[in-house]
Each structure stands twice: as structure tokens, then as C-alpha cells.
Amino acid sequence: DTKHGEIIKALTMADDGKKHTCNAVSTLRASVRQSYPEIDQLYSDAYIAAVLSVPNRTYEYARDQKIIGALEWRRSYAVDMLIAAFQYDDGAGGVFRLVDDTARIDNGNNPSDPSQSLVEVCLSGAFCFVGFDREGRGILHSQAALLNWWKTGVNDGIRYHILVIEHALRVMSEHKNNGERETIPESMVLYVDTSNLGLIPPPLGSLTGMATLLQRAYPDRIHRIHIGPVNIVLMKLYEFISPYLRPRSRDKISLMEDAPNEEQMGMAKNQTRQDQAREPRDNQNTTITADDEGTISGGTSYCPVPSAAAASSPVHKESK
């Protein structure tokens, strides 16, 4: 009948669309591989397909500005050297330590010889990967008050964020490869807690640098950004940075009156290996259950997440 025919037609069109996307992914990968062979290691077919599938985005723009642009940026920032210089401390969530404690500390111009300010901020726990939400997206949690951009410097502050994002992508890849979910989004949600943030704004370079990081270095990796509590200083900063953000990026930002909490994040407990059954260490805060203090249950962490009881949760203000 007519209804049955419409269903068959819709299924056929969907199948054709999948084939077209697969062909486009293969074509893009082949065209980029000769100059950037690392594309095969860094980007899955699903991620490339997501970049290609953004409405009103041409194939050429996706290839040249998004994929190639990100790979060029990655090389210019020597990301692989930066990652090799640090290791994630699985026993102290959110902390990165030098692989070689005797490594020479310089002014940070060479990623293989990190500056003292980078080493220190990597121990702060100001920016953390804290697990997955109920949709399977990675969760990044930032405690803005713990990162003094003026002391750390813009370059080292950006490098610190790179380390955390790269760690999150590795964990997400392992999570996917282990088949823990049939389909796992390859994007993340960023929650920025601006509680106790001083009245002195960060350097303007830190704002433009973070905009570049999220738009050029990691295109389409951030699904949403929730920021709160918002005050007049943050509103002024948002007004300053808005012109540097593409419309699609601006639409992802939600400005909240209150600090983000675990309930808003939709976090499931005990989702990542590094959040399970850790032994407390002398200089760590012992993590107790989310119901008590709002941190991920099981283990220790430098990156506590406020519970719903610790912060009033309604989102009153969102960007359009």
C-alpha cells in the first residue's frame, strides 16, 4: 500500500545517504593521508562523517578548514611531543606529571622541555575529564578559579587544556573500542564552574586562544558548553569573545546563574577506570559518594563536582 511504499522509499534514501557518507569519508581520508598520515590514527570514520555532515558545510570546507586545519594546528603546536612529556596519574584524577622528573625545565618554548608553570598547572586539577554522561559523551569539568592565567601564561594554559582534551579522547576511544556501548558519540560536553572567580579577568589572549583551541584544533568535538554562575564580569568577557566565535560555536554555549552540578551533567557513577577503587594517597582528597559531596563515587580525585544540593540547579539564561 501507499504507507508501505513510503517506508521503503525512506529506508532506501537513508541507505543511499549512508553509502554517500561512507564514500565521502573514504575520499577525504585518501586525499589527506599522503600529507597527513596521522589522520588514520587520530580520526575515526564516525568522526570524519560527523564533520562532513554538518548542515550547510561543503565537502571542501570540511576537508580543508576542519580536518586539514586541525592537523596543521596539531603539528604546529607539537602536540605529540607535549603528550610524550607527561603522563596521567591514574591515582590522582585530573593530574598530569612529567614522565621524566629530571627533565630540563625551560621557558616552555620547547614542548619536550616543559616550563615550571606548565608542570605546576598540570598538578592543579583545574581542568578534568570526569567520565561520561548518560548519552555516552565525555564530560570535561573546569574549575576556573584554580587556574591563574596571569601566573601560568597563555601558552602553558593552552598546553594544559590540550593534555586534558587528548587524555579524554584516548579514554573515549578505549571506551568505544571495548564495545561498552553500541554507538558512542565522539564529542564532549564542557562544564565550567566559575565559582569564587576573582574580579580580575584573565588575559584576553587566553580567551582567543581557547576559542582557537575549540574551533580549529578540535572541531566538532565539543557538543555543548555550560558556564556558571555568571556575573557581570563574565558577561563582559562573553561579549568580548563572541565576535571570535562562529555562530555554530556560540549556539553551543549556555550561560547559567548557578554552578554546574552532577545532576545537570547527567553523570553515571563508576563509569571510567580511573574513577574506580583507588587507594588514597597522602596529598590527595579522598573521594566519597556523590550523594555526600558531589564527586564521582569510588576512588580519589582532585576534581570534585558539586552535588545538586550544593548548588541550585535551574538554568535561567541561555545564549540563542
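Described below are features of the structure shown in this document. (Residues numbered from 1 in each chain as written. Predicted model: local features only at pLDDT ≥ 70, side-chain atom pairs only at ≥ 80, totals over all residues. Heavy atoms only, no water.)

### Considering the pattern of salt bridges
Cut-off, in case you're wondering: Between Lys or Arg on one side and Asp or Glu on the other, a salt bridge is scored when a side-chain nitrogen of the former is within 4 Å of a carboxyl oxygen of the latter. A run of DSSP states H or I qualifies as a helix once it reaches four residues; a run of E qualifies as a strand once it reaches two. Both are numbered from the N-terminal end. Burial classes follow relative accessibility: with a 1.4 Å probe on protein chains only, a residue under 20% of its type's maximum area counts as buried, one over 50% as exposed, and anything between as partly exposed.
Applying the stated criterion across every chain yields a total of 14 salt bridges. The residue D40 makes a salt bridge to R29 at a minimum N-O spacing of 3.0 Å. Taken together, the positions of D40 in helix α2 (residues 39-42) and R29 in helix α1 (residues 2-33) put the pair 11 residues apart, joining distant regions of the chain. Under the relative-accessibility criterion, R29 is labelled buried at 9%. Of the charged contacts in the structure, one is a salt bridge between R74 and E166, with a shortest N-O distance of 2.7 Å. Highlighted residues: R74 in helix α4 (residues 59-76) and E166 in helix α8 (residues 154-177), separated in sequence by 92 residues. In terms of burial, R74 and E166 fall into one category: buried. Connected through salt bridges with shared partners, the residues R29, R33, D40 and D45 form a single ionic network.

### Let's talk about the pairing of strand β4 (residues 138-143)
So the rule is basically this: Between any two strands, pairing holds if DSSP finds at least two bridges.
Most of β4 is tucked away: 6 of the 6 residues are buried. Summarising the sheet, strand β3 (residues 127-132) and β4 pair through 5 bridges and their orientation is antiparallel. Looking at β4, one finds that G131 is bridged to I139. Taking the residues between adjacent antiparallel strands as the criterion, β3 and β4 are bridged by 5 residues, where G136 takes a positive phi near 90 degrees. Relative to strand β5 (residues 188-193), β4 runs parallel, the two being bridged by 6 bridges. Following the sheet pairing, H141 is matched in β5 by Y191.

### Some words on the sheet that holds β3
Rules: For helices, the fitted line uses only the C-alpha atoms of the stretch in contact; every axis is such a line through C-alpha atoms, and the angle between N-to-C directions lies from 0 to 180 degrees.
The 5 strands are arranged β3-β4-β5-β6-β7 in an open sheet whose pairing can be described as mixed. Since the sheet does not close on itself, it has two edges, and those belong to β3 and β7 (253-255), each with one partner. When strand polarity is set aside, the average angle formed by the axes of neighbouring strands in this sheet is 20 degrees. Strand direction decides the pairing type here: β5 and strand β6 (residues 222-228), joined by 6 bridges, are parallel. Paired with L190 across the strands is I225, a residue of β6.

### Examining unusual backbone geometry
Look at the link from G228 to P229: it is a cis peptide, with omega at 0 degrees. Secondary-structure assignment places P229 in the loop between β6 and α10 (232-241). Backbone geometry at N56 places phi at a positive 65 degrees, although glycine is not the residue there. Within the element layout of this structure, N56 appears in the loop between α3 (45-52) and α4. Within the chain, A78 stands out as a residue other than glycine whose phi angle is a positive 50 degrees. On the secondary structure map, A78 appears in the loop between α4 and α5 (79-85). Judged by its relative accessible area of 18%, A78 is buried.

### Describing the side chain of R57
Here is the rule we go by: Any two residues having at least one pair of non-hydrogen atoms within 4.5 Å are treated as being in contact.
Relative to the helices and strands, R57 is located in the loop between α3 and α4. Contact partners of R57, with chain neighbours within four places excluded, come to V51, L52, A62, K66, D220 and R248.

### As for α10
The line we're drawing: By arc we mean the arc of the directions from the helix axis to the C-beta atoms, nothing more. Contacts described as polar in this section are N or O atom pairs within 3.5 Å, which, within protein, must combine one atom able to donate a hydrogen with one able to accept it, while residues neighboring in sequence count only if both atoms come from side chains.
Restricting attention to buried positions, one finds in α10 the residues L234, L237, Y238 and I241. For α10, the angular spread of the buried residues around the axis is 100 degrees, confining them to a single face. Away from the buried face of α10 by more than 90 degrees, exposed residues I232 and K236 are located. The N-cap of α10, judged by a side-chain oxygen 3.1 Å from the amide nitrogen of V233 a few residues on, is N231.

### A few points about the packing of aromatic side chains
Put simply, the test is: Ring pairs shown here join Phe, Tyr and Trp side chains whose ring centres sit within 6.5 Å, with only the six-membered ring taken for Trp; geometry is labelled stacked below 30 degrees between planes, edge-to-face above 60, and tilted in between. Here, over-ring charges are defined by two tests on the NZ atom of lysine or the CZ atom of arginine: distance to the ring centre within 6 Å, and angle to the ring normal within 35 degrees.
In total, this model carries 6 aromatic pairs according to the counting rule given. Pairing Y88 with F96 gives two aromatic rings, centres 5.3 Å apart and planes at 70 degrees, and the pair type is edge-to-face. Like Y88, the residue F96 is buried in the burial classification. Here the aromatic residues W73, Y77 and Y218 are joined through ring pairs into a cluster of three or more. Seen from the ring of Y47, R221 lies directly overhead, with NZ or CZ sitting 3.6 Å from the centre.

Limitation: the analysis is restricted to geometry and does not speak to function.
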